[in-house]
Amino acid sequence: MTKYIVVAGGVISGVGKGVTTAALGKIIKENGYKTTLIKIDPYINCDAGTLRPTEHGEVWVTDDGGEIDQDLGTYERFLDQSIPKKNNITTGQIYKAVIDRERAGGYLGQTVQFVPHITNEVISRIKDAADGYDVAVIEIGGTVGDFENKPFFFAVKALERELGSDNVAYVLVCYLPVPAHIHEMKTKPALQAIRLLNEEGISPDFIVCRSQYAIDEIRKNKIETYAHIPSDHVIAAPDIDTIYQIPLDLERERVGAKMLKKLNLVSKRTPDWSAWQLRVDAIKNPAKRVRIGIVGKYLSTGDYSLTDSYLSIDQALIHAGAQLNVGIDVVWLDAQSVCIPHVTELQSDSSSAKSELQSLDGIIVPGGFGVAGVEGKIAVIQYAREHNIPYLGLCYGMQLAAVEFARNVCGLRDAHTTEVNAQTEHPIIDILPLQKKLIDDNAYGGTMRLGAYAAHVQPGSKVAALYRAARAIDMNDMVIERHRHRYEMNPAYVALLEQHGLRFSGRYLRADATQLMEFLELPDHPFFVATQAHPEFNSRFSNPNPLFYGFVKAAIVSKQE
């Protein structure tokens, strides 16, 4: 029988439920249990594919083509295992399934109601995602007291009644503010969250206390009394330097042993955190540091700036840095407000834009959609190419690298992507004929390449060397990375670009025999590599992605030179 751990949040969103869920999953897995993680999102969208990055953060892509919540990325990075799209459950999915079944006559004339039909659908999906695992950790999105997540609390309580209380544990992650004007940690918001959870018929077994500082004994005792749980189940979780410290901190409070006891389980093996600790130490006290510029366009939201749109890229750099014992100082460059005004300035020796780029040890242009910031990105790619700055292009970053090369090396001044200029004389990047037919047939969603695809990389190329060194790929030199894009490198221009020195070092053979370009590189550049894929989705804390590892290694050399 699968055991379940349910993680809920109180007081505010963004308090750390996702990383707490990931850390608990990692701890249970290290004790020898087959573990999976499930995210429940209360929004009515069926998935995250249509959500704005500046509102919801990054869209995480799974091997099986799911466009889901970014917390699933945190789960994979901690567990070092792939998680399928069915592990992200949304309100939209639940109601759509029930309504579609009702319209098809699946309920045989019953009156379809919230209870039992909606809650049964939730329970069914939870069991499906947990099937075959010893322990499933479920994160319920939002905060306790929200109207949106009430159906899910009702459902997990019904699951507990079915399985028995020994097979379900509840964790409440609360925020304890320290108002600046009184300099005192306040427990009242956490106590209110406990009360609201009790109103759902659920009493927390563990309370994780998030705050700027570690909770003291006085406040711990107050929460213990209010929640009717042992004092050692009130867990301090103060702010830390890196999220990868969390499982180590939880283990210091023996959370793993306590959780197993609550679920009537015993550890199958002694966890070994030594390698994990070494990487955490490298993040906190690296031997050296490098500056990496990320040229993005999804950075602004109202009066605030956020980087969650590029969360996986940031984490992939951290993973590589931890293994190389180098700290990563990320410089966020807004392609819409920073680069565009300076496009022409890049030709000037005294420009502020050039000075900013000269301070970088490496440059990344990530994925994106649409027109905004494109010319700024192209100008930065040109600068990286001409000044031997290590460059890593991801998805759109590969497409624009091909456009830049076509313009400035091949002399095709009008070269562009038809995503930006449908009338360009030289459509270096384009929707391919089969995709255009799908659009004509109103199957627009079918034009997106989503999920894991295998590419054959050329022996002797830089890309092949990077993957061979990191993951010992077989003699077929097949590399699997995840994708999320619609436009492709136009096959009609591949030969011309290669004649001028660009090397397409990885290709995917489509069913209709069309070759799609997956990787490109400049053989004579210290490190100029780009991919149509999103390798950041396959980077793990204990297993960095080869492209990011090679890129950071090149940045170290660049700084030394």
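Overview of the structure. What you are looking at is a predicted structure, and each value in this text was computed from that prediction instead of being measured.

Looking at the overall build of the protein
Point 1. For the protein, the helix and strand inventory stands at 20 helices and 23 strands.
Point 2. With the principal axes as the frame, the protein shows a C-alpha extent of 75 × 60 × 50 Å.
Point 3. The burial tally for the protein puts 57% of its 561 residues in the buried class.
Point 4. Put simply, of all contacts in the protein between residues at least 6 apart along the chain, 73% involve residues at least 24 apart.
Point 5. On the protein, roughly 23000 Å² of surface is accessible, and the fraction owed to carbon and sulfur atoms is 51%.
Point 6. Averaging the locations of the 58 positively and 68 negatively charged side chains of the protein gives two centres separated by 4 Å.

Brief notes about the side chain of Thr-2
Point 1. Residue placement: Thr-2 occurs in the segment before β1 (3-10).
Point 2. Every residue in contact with Thr-2, bar those within four places of it in the chain, is listed here: Ala-130, Tyr-133, Asp-134, Val-135, Ala-136 and Leu-163.

So, the packing of helix α5 (residues 114-130) against helix α6 (residues 150-163)
Point 1. In the contact formed by α5 and α6, the axes pass within 9 Å of each other and the chain directions differ by 70 degrees. Taken together, the axes of α5 and α6 are roughly perpendicular relative to one another. Here Phe-114, Val-115, Thr-119, Val-122, Ile-123, Ile-126 and Lys-127 of α5 lie close against α6, whose contacting residues are Pro-151, Phe-152, Phe-154, Ala-155, Val-156, Ala-158, Leu-159 and Glu-162.
Point 2. Split by residue class, the contact of α5 with α6 holds 12 nonpolar, one polar and two charged.

Here we look at helix α4 (residues 91-103)
Residues separated by three or four positions in an α-helix point in the same direction, a consequence of the helix having 3.6 residues per turn.
Point 1. For α4, with 13 residues, the first-to-last C-alpha span of 18 Å sits near the 18 Å given by 1.5 Å per residue.
Point 2. For α4, the complete set of buried residues consists of Thr-91, Gly-92, Gln-93, Ile-94, Ala-97 and Val-98.
Point 3. In this fold, the buried residues of α4 make contact with β2 (35-41), β5 (88-90), α5 and α6.
Point 4. Positive phi appears at Gly-105, one or two residues downstream of α4, with a value of about 80 degrees.

What to know about the sheet that holds strand β8 (residues 206-211)
Point 1. The sheet built from seven strands is open, its strands ordered β5-β2-β6-β1-β7-β8-β9 with parallel pairing. Only two strands of the sheet have a single neighbouring strand rather than two, namely β5 and β9 (234-238). Ignoring which end each strand starts from, the neighbouring axes of this sheet average 20 degrees apart.
Point 2. As paired elements, β1 and strand β6 (residues 135-140) share five bridges and run parallel to each other. Counterpart to Ile-5 in the pairing with β6 is Val-137.
Point 3. This element, helix α3 (residues 71-79), spans β2, β5 and β6 of the sheet and lies at about 170 degrees to β2.

A look at the packing of aromatic side chains
Point 1. Across all of its chains, the model carries 13 aromatic pairs by this definition.
Point 2. With a centroid separation of 4.7 Å and an interplanar angle of 65 degrees, the aromatic rings of Trp-60 and Phe-537 are classed as edge-to-face. Residue Trp-60 is located in strand β3 (residues 60-61), and its partner Phe-537 is located in the loop between β23 (528-531) and α20 (546-560); the two are separated by 477 residues in the primary sequence.
Point 3. You can call Trp-60 buried: its relative accessible area is 0%.
Point 4. For Phe-537, a relative accessible area of 3% puts it in the buried group.

A few points about empty space enclosed by the protein
Point 1. Overall, the coordinates contain three cavities of 30 Å³ or more when judged by the stated rule.
Point 2. Empty space within the second largest cavity amounts to approximately 60 Å³.
Point 3. Taken together, Gly-368, Phe-369, Cys-395, Tyr-396, Gln-399, Glu-419, His-485, Arg-486 and Tyr-487 make up the lining of the second largest cavity.
Point 4. Here the residues of the lining of the second largest cavity are counted per class, giving four nonpolar, three polar and two charged.

Some words on the nonpolar core
Taken as a class, soluble globular proteins show a tendency for nonpolar side chains to be buried jointly.
Point 1. The biggest cluster of nonpolar side chains holds 45 residues, and the ones touching the most others in it are Tyr-4, Ile-126, Leu-172, Ile-207 and Ile-223.
Point 2. Setting aside residues up to four positions removed in sequence, Ile-223 forms contacts with Leu-176, Leu-191, Ile-194, Ile-207, Cys-209, Ile-215 and Val-234.
Point 3. Counting 43 residues, the second-largest nonpolar core is a separate cluster that includes Ile-28, Ala-169, Val-255 and Leu-265.

Concerning unusual backbone geometry
Point 1. Here Val-115 and Pro-116 are connected by a cis peptide whose omega angle stands at 15 degrees.
Point 2. A positive phi angle is found at His-228, which is not glycine, with a value near 60 degrees.
Point 3. Here His-228 lies in the loop between α8 (217-227) and β9.
Point 4. At Arg-254, a residue that is not glycine, the phi angle is positive and equals roughly 55 degrees.
Point 5. Note on placement: Arg-254 falls in the loop between α9 (246-252) and α10 (255-262).

What about the sheet that holds strand β10 (residues 288-296)?
Point 1. Here nine strands make up an open sheet; going across it, the order is β13-β10-β14-β15-β23-β22-β21-β18-β19 and the pairing mixed. The open sheet has two free edges, formed respectively by β13 (326-334) and β19 (478-485), since each of these has just one partner strand. The mean inter-strand angle of the sheet, taken between neighbouring strand axes irrespective of direction, is 30 degrees.

Some remarks on the environment of Leu-311
Point 1. Structurally, Leu-311 can be placed in helix α12 (residues 311-324).
Point 2. Exposure remark for Leu-311: the relative accessible area of 17% places this residue in the buried category.
Point 3. With 225 residues separating them in the primary sequence, Leu-311 and Glu-536 have C-alpha atoms 9.1 Å apart.
Point 4. Those residues in contact with Leu-311 that lie beyond four places of it in its chain are Glu-58, Gln-70 and Arg-77.

What about α8?
Point 1. Restricting attention to buried positions, one finds in α8 the residues Arg-219, Lys-220, Ile-223 and Ala-227. Relative to the axis of α8, the buried residues are bounded by an arc of 105 degrees and lie together on one face. In α8, the exposed positions that point more than 90 degrees away from the buried face belong to Ile-218 and Thr-225.
Point 2. Looking at the packing, one finds that the buried side of α8 touches α7 (188-199), β8 and β9.

Conventions used here
- Residues numbered from 1 in each chain as written.
- Predicted model: local features only at pLDDT ≥ 70, side-chain atom pairs only at ≥ 80, totals over all residues.
- Heavy atoms only, no water.
- Helix = DSSP H or I, 4+ residues; strand = E, 2+ residues; numbered from the N terminus.
- Buried < 20%, exposed > 50% of the residue type's maximum accessible area, 1.4 Å probe, protein only.
- Contact = heavy atoms within 4.5 Å.
- Areas by Shrake-Rupley, 256 points an atom, 1.4 Å probe, with all protein chains shown as cover.
- Lys, Arg positive; Asp, Glu negative; His and termini not counted.
- Charge placed at Lys NZ, Arg CZ, Asp CG, Glu CD.
- Axes fitted to C-alpha atoms, helices over the stretch in contact; angles between N-to-C directions.
- Parallel < 35°, antiparallel > 145°, perpendicular 65-115°, else oblique.
- Nonpolar A, V, L, I, M, F, W, Y, C, P; charged D, E, K, R; others polar.
- Expected span 1.5 Å × (residues − 1).
- Pairing = 2+ DSSP bridges.
- Phe/Tyr/Trp six-rings, centres within 6.5 Å; stacked < 30°, edge-to-face > 60°.
- 1 Å grid on protein atoms, 1.4 Å probe; cavity = no way out; pocket = protein on both sides within 12 Å on 5 of 7 lines; lining within 4 Å.
- Points joined across faces, edges and corners; volume = space filled by probe spheres on them.
- Core = buried A, V, L, I, M, F, W, Y, C linked by side-chain atoms within 4.5 Å.
- Arc of directions from axis to C-beta.

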